[in-house]
Structure formats: structure tokens, C-alpha cells
Amino acid sequence: MESPYLSVSRKIASYVESAAKSLGYDAAGSIDMMAISKASGDMSCSVAFKISKSKGEKPDEVADKIAKAMGNVAYVKSVSTENGYLNFHLDRSAFSEFVIRNIINADMAKVSDIGGNKKILIEYPSANPMHPIHVGHLRNMLIGNSVAALHDICGYNVERGDYIEDLGLQMVIAIWGYLGQNNKPDKKFDHWLGDIYATTNGMVEEPGFRDKISELAKKIEQGDTVETVIARELAEKCVRAQYETAASYGCYHDVLIWESDIVRERLVEKAMDMLTDKGFVLRPNDGEYKGCTIIDLKSVKDLPSEFAGLKEKVKVIIRKDGTPTYVAKDIAFHMWKFGMLEDAFKYSAFIDKQINGKPAYASGKSGMHMDFGHVSEAINIIDVSQNYPQALLRLAFRQMGRDDIANGIRHLSYGRVELEKGTLAARKGISMENTADGLLQESFERARGLIRDRLKLGEEEQESVARSVALSAIKFAFLKIATEKWITFSWKRVLTFEGDSGPYCQYMNARSTRLIEDSGINVKDMLNSNIALLSSDTEFNLVKAIARLKDVIEKACVEYRPNLVTEYAKDLAFAFSRFYETMPILKGSSPEEKKARLALVFAFRSAMRTSLGILGIDALDRM
């Protein structure tokens with residue numbers, strides 16, 4: 001698929017450079033100074049400012065000379081100047097023809113090829129396997145799903161991965177509580193286990209409890225104990241329950257890597273040996289850190305700025321008792337991701353069939369060897385609190401002389417989700433209303449109430465539409481916030497169905513479908529219509545909105561910002577709404593105008609469906 005704006009920008013820039021050259025000016029690089037105009041004209045170029053500096057002339061004088069020397073320009077009706085800018089007024093007929101034909105004939109499954117089939121692994125949401133997915137994890141999961149969709153549509157070979165931390169202190173506390181339980185689960189397993197964890201965590205300060213937990217942790221990490229087997233079974237049950245939640249939100253994965261498998265396969269030991277050989281990690285024989293494996297940041301030359309304010313320059317990554325820290329395991333995990341360590345894992349289907357029709361495979365003792373990992377880039381979707389460990393991870397690879405890997409590790413840091421009242425902490429128990437399951441159920445009930453009053457649908461179709469609308473409201477509300485910003489979770493903000501929302505975009509898509517269906521015109525006839533008849537402001541504004549699709553998608557992909565797609569979808573929906581309200585489409589148009597406008601409707605629907613697909617939102621045909 002071509003980018004209409006980029007394609008036209010290149011043509012215009014070539015004319016600008018040619019005209020400037022005839023005047024004795026050097027306008028090389030004009031393409032980088034082209035922009036969609038927010039003032040006069042449709043597009044603008046600021047090259048006159050660059051030329052004025054070298055020639056000592058005023059920018060507006062330079063711009064006037066270039067404009068007069070340009071002559072006829074493809075896709076441009078006229079050229080004007082204002083305050084030093086060259087402003088290009090597009091030929092509406094020619095540009096509309098280009099945009100509509102371009103999107104109609106494009107393969108919308110692969111809008112761009114900037115990925116070049118490069119293999120990347122996107123890791124999310126990595127929720128602890130001892131409680132339900134809460135609204136904080138949900139933000140991670142929705143960002144991950146959308147970033148994966150962006151990279152997929154831009155031509156990357158995407159691997160969706162999930163790192164399951166089944167050896168951490170929180171997991172051990174949950175297992176301790178579970179072992180003392182005689183009751184069977186009376187609710188969804190992850191919710192039930194989360195209650196046990198919260199209750200057991202309240203015992204942490206009791207005398208002797210920490211020693212008991214530490215002893216249990218050692219037994220679990222040994223890898224050949226009854227406790228190890230119980231821990232894995234318990235974690236797997238919880239993850240399966242969490243994946244039921246993920247499926248309800250349209251999320252899925254290719255591979256799950258278990259923390260316990262990284263330890264069992266001795267990947268940490270292999271990683272530490274490699275780092276020791278490079279002198280990055282030390283194993284002191286005396287002093288405070290005797291028996292530990294440490295990173296001494298004081299010995300690192302040209303220490304990155306992320307570490308400048310640290311008071312403690314020594315980081316323990318293997319404790320005296322031999323247990324590895326999160327950082328040690330994460331370094332080993334990333335060596336596996338980038339193919340530095342032989343893949344010792346075996347894989348078997350953990351979920352036989354996900355919503356994408358494919359299994360989710362998980363590492364384990366048995367199974368078969370598969371081609372996971374060996375990536376060129378790893379995108380880690382982890383909240384802002386993990387900035388330091390991620391910086392330490394990249395530093396480890398730089399110290400090994402692997403800048404390529406360090407540069408290939410992308411920490412997509414996102415702001416946390418806070419509650420309007422109280423805190424979001426699993427150790428204190430997660431109320432149903434703050435879980436992803438509870439949020440979806442509440443949203444579904446509200447959507448069903450609205451739909452029941454407005455749409456005459458059968459019971460089954462009502463349920464289906466209500467669920468899609470509920471998911472749309474939630475996903476759009478979470479994804480429209482820039483990832484770096486914190487979110488204060490509010491039911492009122494999330495469960496909106498009008499204006500700047502997913503359901504509003506769905507409604508505009510459904511309206512376009514109804515127009516096409518009610519027209520009685522063969523789609524082929526629409527697409528062969530005389531596009532030159534589209535000339536009004538509202539028609540052309542919609543054309544210009546559609547033309548931005550590829551540029552927005554590529555920018556959102558490169559910058560890991562799904563919120564750019566939500567903003568675009570909203571703008572696209574508003575442009576279509578104005579077109580629908582002001583222009584006769586099915587009635588009051590001549591037969592040829594009707595076909596041309598329906599071709600525009602068809603192009604809008606294609607752009608909207610593509611945008612909604614990236615956000616994981618159903619493009620409903622009826623609402």
C-alpha cells in the first residue's frame with residue numbers, strides 16, 4: 001500500500017528542488033521539510049527558511065520566487081506563500097482518485113513492509129501466576145496486543161511471548177497458603193488463589209514465618225521435590241484461568257517461558273559464566289559479598305546516565321544461598337531470546353486452541369524442540385518501576401561487547417494504573433470490580449442495557465453485539481492514553497459509549513456498512529465510479545483523513561504508541577460523521593455522484609476496519 005501523502009510529498013519536493021536550482025538555490029532535502037498543512041493549503045514546505053539563512057534573504061521573498069518558478073505540479077492545483085511557507089493546494093479530483101483507488105486495491109493485512117520480516121519477540125503481560133488479572137495487568141495486556149498487531153501489519157515476523165514468574169516470593173507465599181487449604185475452589189481458580197495469597201500475605205510479619213517461606217522456596221527451586229511439582233501444577237492452573245480472561249479480551253500468545261524452566265535448564269549458570277569471563281560479574285571470596293555473584297558498577301567505564309544517582313553501586317544477582325535474583329534470570333532469558341544460549345527447552349501445547357485458532361506453547365520437561373527465540377529485537381512491556389532493571393539488562397550486554405543486542409532490547413515503559421479510591425495491590429486482595437473479569441462483566445451489563453433499548457435484535461445477537469461494544473469501550477479507553485502517562489482508573493471514563501470512544505468508531509463503521517448494503521449498487525460499480533465528482537469540503541476532508549492511514553500506522557509502530565491509532569480512528573469517525581450529515585449519499589444525488597460517494601464510503605470503511613483491528617476492536621456491521 002502506498003502512502004498518498006508521502007508519494008505526493010516526494011513529487012512536490014522534486015519540483016521545489018528543481019525550481020530552487022533554477023534560481024541558484026540549494027533546496028536539497030526538501031522532502032524532510034514537507035508537512036500536512038494546519039493553516040493555509042493542504043500541504044506546506046519550509047525550505048525557504050533554510051535557504052534564507054545561507055543567502056541572507058528573507059524567507060517570504062525566497063518562497064515567492066520558488067512558487068513562481070515551479071510551474072505545473074502533479075496533484076497540485078495551485079501554490080501560495082505565507083510567512084515564508086510554500087503552501088500547496090491539492091487537486092481534489094486527482095488526489096481523491098489516488099487515495100480511494102490506493103486503499104481499495106491494497107492488501108490491508110500488510111499495510112506496510114517497514115519490518116522487512118525481521119523477527120521480534122514482544123513480551124507481555126507477565127502477570128504473577130497467583131491472582132487474577134487486575135486493571136493494571138489489563139493495561140499491559142492491551143498495549144502488548146496492540147503493539148504486536150502494529151508490528152504484524154507493518155511486515156515484522158512477530159512472536160508473542162509471556163514470561164511466567166513461578167519462583168518469586170509472592171508465588172511461594174501463595175503456595176504456602178494453598179498447602180494449608182482443605183477447601184476446593186468455589187470460584188474461578190485465579191480469583192480463588194488470589195484470595196489465599198492475600199490472606200497468607202497477612203501472616204508475613206508473624207514470628208518465624210519468613211524462615212518457613214525461605215525454606216519452602218529452597219525446596220521449590222531444587223527442581224526434584226514434591227513441592228516443585230505442586231508449585232508448577234498450581235501455577236499452571238492459575239495461568240490457564242488468566243488465559244481465559246485474556247481470551248475474553250481477544251488476546252493470545254505464541255509461547256510461554258517459565259522461570260522455573262530457566263533455572264532447571266541451568267541457563268542462569270551459563271549466563272553468569274559468560275558474564276564472568278567478560279569481567280562484568282564478580283564472585284568475591286571475602287568481605288560483605290563473599291559467596292555472592294555481584295555486579296560492581298564502580299568498575300564500569302562510561303557508566304550510562306541511568307545509574308548516575310545510585311547510592312549503592314553493587315548489585316547482588318546471585319545470593320549467598322545460590323538463588324538467582326530477578327535480574328540474573330532476566331539476563332539469561334534475554335540471552336535465550338537473542339540466540340546466545342542453546343535452546344534447551346522443550347515445548348508442548350499449553351492452550352490447544354486460542355482465539356486466533358492456534359495453540360499457545362509452553363516450555364517444560366517434555367515435548368518437542370521448536371523454533372522460538374533467535375530474534376533481532378525484544379520489546380518488553382513493563383511498567384515504569386522496572387526502568388532500572390531494564391537499564392542494567394542492557395548494560396550487561398554492552399559490557400559483553402554486544403551493543404547489537406543492547407540496542408535491540410526495547411523497554412516499552414508504561415505508567416501505572418491507580419484507583420480513584422484505595423490502592424491496587426494483590427497482597428491486600430483484589431476486589432472483583434478492579435479485575436479484568438469484573439470490568440468486562442460490568443461493561444457488558446451496561447452495554448446490553450443500552451442495546452436492548454435501541455436495537456431490535458434477537459437475544460443471541462444482542463449478547464454478541466453487547467460484548468463487542470463493551471470490549472470496544474474498555475480497549476479504547478485504555479489505549480487512547482499515551483503509554484508513558486499514568487491512568488487513574490475510573491468506571492465513568494472507561495465505560496463511555498459516545499464521542500471519543502471505541503463504540504462511536506464502531507457505530508460509524510456500522511453506518512457505512514448499512515449505506516453500502518442499502519444502496520443496491522454492486523460494489524464493483526462503486527469502485528469504477530467517477531471519483532472526480534467528489535469536490536466538496538466535507539468529502540475532501542474525509543479523503544484527507546483516509547490518506548493518513550499508512551503514515552499513522554507506521555509512526556505508531558516505530559514509536560510503540562497505540563494511542564496514535566485511537567486518535568486517528570476518532571478523527572476518521574468525526575470526518576465521516578460530518579460527511580454523512582451534510583452530503584446526500586443515497587438520496588438527492590445523481591446516479592454517478594451516488595456511486596462516487598459510495599466508493600468514498602467503501603474506502604472509509606476499509607481504513608476504519610484496519611484501525612479497529614490494530615486496537616483489537618470488532619468492526620461491527622450492525623449496531
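Below, the structure is looked at part by part. The written sequence of each chain sets the order in which its residues are numbered from 1. Residues qualify for local features only when their pLDDT is at least 70, as the model is predicted, and side-chain atom pairs are given and counted only at 80 or more; totals for whole chains, interfaces and linings, by contrast, use all residues. Computation of side-chain values covers all heavy atoms of the structure but excludes hydrogens and water.

Let's talk about the overall build of the protein
Right, on to step 1. Secondary structure elements follow DSSP: runs of H or I no shorter than four residues count as helices, runs of E no shorter than two count as strands, and numbering proceeds from the N terminus. Looking only at helices and strands, one finds 23 helices and 16 strands in the protein.
Right, on to step 2. C-alpha extents for the protein along the principal axes are approximately 85 × 70 × 45 Å.
Right, on to step 3. When a residue's accessible area, from a 1.4 Å probe over protein chains only, is under 20% of the maximum for its type it is buried; when over 50% it is exposed; and in between it is partly exposed. The buried share of the protein, taken over its 623 residues, is 55%.
Right, on to step 4. The contact criterion used throughout is that any non-hydrogen atoms of two residues lie within 4.5 Å. Sequence separation of 24 or more characterises 74% of the internal contacts of the protein that already satisfy a separation of 6 or more.

Quick look at the sheet that holds strand β7 (residues 255-258)
Right, on to step 1. With mixed pairing, the seven strands of this open sheet are ordered in space as β11-β12-β7-β6-β5-β13-β14. On the outer flanks of this sheet lie β11 (346-351) and β14 (409-414), each paired with one strand and no other. Within the sheet, the average angular offset between the axes of one strand and its neighbour, ignoring direction, is 30°.
Right, on to step 2. Helix axes are fitted to C-alpha atoms over the stretch in contact, other axes to C-alpha atoms as well, and angles between N-to-C directions run from 0 to 180 degrees. Running over the sheet, helix α9 (residues 226-248) touches β6 (157-164), β7, β11 and β12 (360-364) and is turned about 150° from β7. Strands were regarded as paired on the criterion that DSSP finds at least two bridges between them.

What to know about the nonpolar core
Right, on to step 1. Formed by 128 residues in total, the largest nonpolar core has its most connected members in I66, F88, Y249, F478 and I546.
Right, on to step 2. Of the residues forming this core, the biggest block, 13 residues, is contributed by helix α23 (residues 591-615).
Right, on to step 3. Residues in contact with I66, not counting those within four places in the same chain, are V16, A19, A20, L23, Y25, V47, I51 and L86.
Right, on to step 4. By convention a nonpolar core is built from buried Ala, Val, Leu, Ile, Met, Phe, Trp, Tyr and Cys residues, the set being connected through side-chain atoms within 4.5 Å. Residues A332, M340, Y361 and F397 belong to the second largest nonpolar core, which totals 44 residues.

Focus: the packing of aromatic side chains
Between two aromatic rings, the relevant description is the distance of the centres plus the angle of the planes.
Right, on to step 1. Ring geometry is summarised as follows: Phe, Tyr and Trp rings, the Trp one being its six-membered ring, pair when their centres sit within 6.5 Å, and such pairs are stacked at plane angles under 30 degrees, edge-to-face over 60 and tilted between the two. Taken as a whole and judged by the stated rule, the model has 20 aromatic pairs.
Right, on to step 2. An angle of 50° between the planes, with centres 5.5 Å apart, marks the rings of Y5 and F95 as tilted. In this pair, Y5 is assigned in helix α1 (residues 4-22) and F95 in helix α4 (residues 92-104), connecting sequence segments 90 residues apart. An identical accessibility class is assigned to Y5 and F95; each is buried.
Right, on to step 3. Pairing Y178 with W192 gives two aromatic rings, centres 6.2 Å apart and planes at 90°, and the pair type is edge-to-face. Taken as a pair, Y178 in helix α6 (residues 169-179) and W192 in helix α7 (residues 189-201) lie far apart in primary sequence, 14 residues in all.
Right, on to step 4. Accessibility expressed as a relative area gives 6% for W192, which makes it buried.
Right, on to step 5. By way of ring pairs, the aromatic residues Y163, F333, W336, F345, Y347, Y361 and F372 are connected into one cluster.
Right, on to step 6. Sitting over the face of the ring of W258, R232 holds its NZ or CZ atom 4.3 Å from the ring centroid. Charge-over-ring contacts are defined here by two conditions on Lys NZ or Arg CZ: a distance within 6 Å of the ring centre and an angle within 35 degrees of the ring normal.

Focus: the sheet that holds strand β1 (residues 34-36)
Right, on to step 1. Here we have four strands laid out as an open sheet, ordered β1-β2-β4-β3, and antiparallel in their pairing. Edge strands, defined here as strands with exactly one partner in the open sheet, are β1 and β3 (76-82). On average, adjacent strands in this sheet sit at an angle of 25° to one another, irrespective of strand direction.
Right, on to step 2. The pairing of strand β2 (residues 43-45) with strand β4 (residues 85-90) spans three bridges and is classified as antiparallel.

Considerations on the packing of α6 against helix α8 (residues 209-222)
Right, on to step 1. α8 packs onto α6 with a crossing angle of 100° between their chain directions and a minimal axis gap of 10 Å. By the angle class used here, α6 and α8 are roughly perpendicular. For the pair α6 and α8, contact is made by L169, V172, I173, I175, W176 and L179 and by F209, K212, I213, L216, A217 and I220, respectively.
Right, on to step 2. Of the residues that constitute the contact of α6 with α8, the class distribution is eleven nonpolar, no polar and one charged. Angle categories are assigned with fixed cut-offs, so that under 35 degrees is roughly parallel, over 145 is roughly antiparallel, 65 to 115 is roughly perpendicular, and the rest are oblique. Under the scheme applied, nonpolar residues are Ala, Val, Leu, Ile, Met, Phe, Trp, Tyr, Cys and Pro; charged residues are Asp, Glu, Lys and Arg; polar residues are all the others, including Gly.

Describing unusual backbone geometry
Right, on to step 1. With omega at -15°, the peptide bond leading from Y124 into P125 counts as cis.
Right, on to step 2. Structurally, P125 can be placed in the loop between β5 (119-123) and α5 (135-153).
Right, on to step 3. The backbone of N83 shows a phi angle near 50°, a positive value even though the residue is not glycine.
Right, on to step 4. Tracing the chain through its elements places N83 in the loop between β3 and β4.
Right, on to step 5. Positive phi values are uncommon outside glycine, yet R266 reaches one of about 60°.
Right, on to step 6. Secondary-structure assignment places R266 in the loop between α10 (259-264) and α11 (267-277).

So, the pairing of β12
Residues in a regular strand point their side chains to alternate faces of the sheet.
Right, on to step 1. The element β12 is extensively covered by neighbouring structure, given that five of its five residues are classed as buried.
Right, on to step 2. A two-sided burial pattern is seen for β12, the buried positions comprising A360, A362 and G364 on one face and Y361 and S363 on the other.
Right, on to step 3. Relative to β12, β7 is paired through two bridges, and the arrangement is parallel. The residue bridging L256 from the neighbouring strand is A362, located in β12.

A closer look at the state of the cysteines
Think of a disulfide as a covalent bridge from one cysteine sulfur atom to another cysteine sulfur atom.
Right, on to step 1. Counting rule for disulfides: a pair of cysteine sulfur atoms within 2.5 Å. This model, assessed by the stated rule, comprises zero disulfides.
Right, on to step 2. Looking at the unpaired C238, the closest cysteine sulfur is the one in C251, lying at 17 Å.
Right, on to step 3. Classification of C238 as buried rests on a relative accessible area of 0%.

Remarks on the packing of helix α12 (residues 326-337) against helix α13 (residues 387-399)
Right, on to step 1. It is at 10 Å that the axes of α12 and α13 come closest, and there the two elements cross at 55°. Classified by the angle between their axes, α12 and α13 sit oblique to one another. Crossing hand, α12 versus α13: right-handed. Counting all contacts with α12, which are made through V327, D330, I331, H334 and M335, the residues of α13 involved are P389, Q390, L392, L393, A396 and F397.
Right, on to step 2. Residue classes in the contact of α12 with α13 are distributed as eight nonpolar, two polar and one charged. Each crossing gets its hand from how the near helix is turned against the far one by less than a right angle, where anticlockwise is left-handed and clockwise is right-handed.

Structural notes on the pairing of β6
Right, on to step 1. Within β6, seven of the eight residues are buried, which leaves it mostly tucked inside the rest of the structure.
Right, on to step 2. When β5 meets β6, the two strands line up parallel, connected through five bridges. Residue pairing for β6: I120 is matched across the bridge by V158.
Right, on to step 3. When the strands point away from the viewer, a crossover counts as right-handed if the path from the first strand over the helix to the second runs clockwise. You can see the chain leave β5, run along α5 and come back into β6, and the turn it takes is right-handed.

Quick notes on the pattern of salt bridges
Right, on to step 1. Whenever a carboxyl oxygen of Asp or Glu lies within 4 Å of a side-chain nitrogen of Lys or Arg, that contact is scored as a salt bridge. Evaluated as defined, the whole model comprises 40 salt bridges.
Right, on to step 2. For K555, the salt bridge identified is with E559, shortest N-O distance 2.8 Å. On the criterion of helical spacing, the pair formed by K555 and E559 is a turn pair, its members being four residues apart in helix α21 (residues 549-559).
Right, on to step 3. The class for E559 is partly exposed, based on a relative accessible area of 32%.
Right, on to step 4. Its salt-bridge partner being D621, residue R609 comes within 2.7 Å of it at the nearest N-O pair. Of this pair, R609 sits in helix α23 while D621 is found in the segment after α23, placing the two residues twelve residues apart along the sequence.
Right, on to step 5. According to the relative accessible area criterion, D621 is partly exposed, its value standing at 34%.
Right, on to step 6. A network of salt bridges, in which partner residues are shared, links R232, E236, R240, D261, R264 and E265.

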